[in-house]
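# A structural walkthrough
Listed here are the chains, written in short residue letters.
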Amino acid sequence: MPIIAIPVLRAQHDECERLTRKALTPKSYDASYQKGASASFGEAVAYALGESTESPELPRARGATGKTTLTRRELQVAGLIAEGLTNSAIAARLVISPRTAEGHVERILAKLGFTSRAQVAAWMVDQNRG
């Protein structure tokens, strides 16, 4: 039974599930459901935004622990990206030049193998959960 955080959405959820089950075979529905249920928050966001068919939770740059290696400053910038700040706002908050902030963002995207700031924000949410 899925957890619905807002009870008034229950009817919409049930109707959506009914229509989806009707459109798919039982086997196809079950496989799709399992795939979605096992997706991380970042994967779900990337899928919903149509940004990637690859798993955004499999970063390219990893340290010895298997986790992505970002510098302290890059983690700080990633946190500000997650807050929704622009490069200019990040620069102002950290008292750095806008070009330096832009460079940090570019390196973060490259290290994580992401293509958007939304993926960085989702990754930060996942990091803060675990």
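Residues numbered from 1 in each chain as written. Predicted model: local features only at pLDDT ≥ 70, side-chain atom pairs only at ≥ 80, totals over all residues. Heavy atoms only, no water.

## A word on the environment of Leu80
- Structurally, Leu80 is set in helix 4 (residues 72-82).
- Sequence spacing of Leu80 and Leu94 is 14 residues, and the spatial spacing of their C-alpha atoms is 9.7 Å.
- Among residues more than four places away in sequence, those in contact with Leu80 are Leu85, Ile90, Arg93 and Leu94. (Helix = DSSP H or I, 4+ residues; strand = E, 2+ residues; numbered from the N terminus. Contact = heavy atoms within 4.5 Å.)

## A few points about the environment of Glu17
- Mapped onto the elements, Glu17 comes out in helix 1 (residues 10-23).
- Glu17 gets classed as partly exposed once you look at its relative accessible area, which sits at 24%.
- Along the backbone, Glu17 and Tyr29 are 12 residues apart, and their C-alpha atoms lie at a distance of 9.7 Å. (Buried < 20%, exposed > 50% of the residue type's maximum accessible area, 1.4 Å probe, protein only.)

## Considering the side chain of Gln119
- As for its position among the elements, Gln119 is in helix 7 (residues 117-129).
- At 3.1 Å, the side chain of Gln119 and the backbone nitrogen of Ser116 are in polar contact. (Polar contact = N/O pair within 3.5 Å; in protein donor to acceptor, adjacent residues only side chain to side chain.)

## Digging into the confidence of the model for the protein
- Scored by pLDDT, the protein has a mean of 80; 80% of the residues are at 70 or more.
- Taken element by element, the protein is modelled with least confidence in helix 3 (residues 41-49), mean pLDDT 72, and with most confidence in helix 5 (residues 87-94), mean pLDDT 96.
- A low-confidence stretch, residues 53-65 stays under pLDDT 50, and its non-local contacts, those more than four residues away or across chains, total 28 contacts. (pLDDT = per-residue confidence, 0-100.)

## Thoughts on helix 7
- Along its 13 residues, helix 7 runs 19 Å from first to last C-alpha, staying within 8% of the 18 Å computed at 1.5 Å per residue.
- The set of residues buried in helix 7 consists of Gln119, Val120, Ala121, Ala122, Trp123, Met124 and Asp126. (Expected span 1.5 Å × (residues − 1).)

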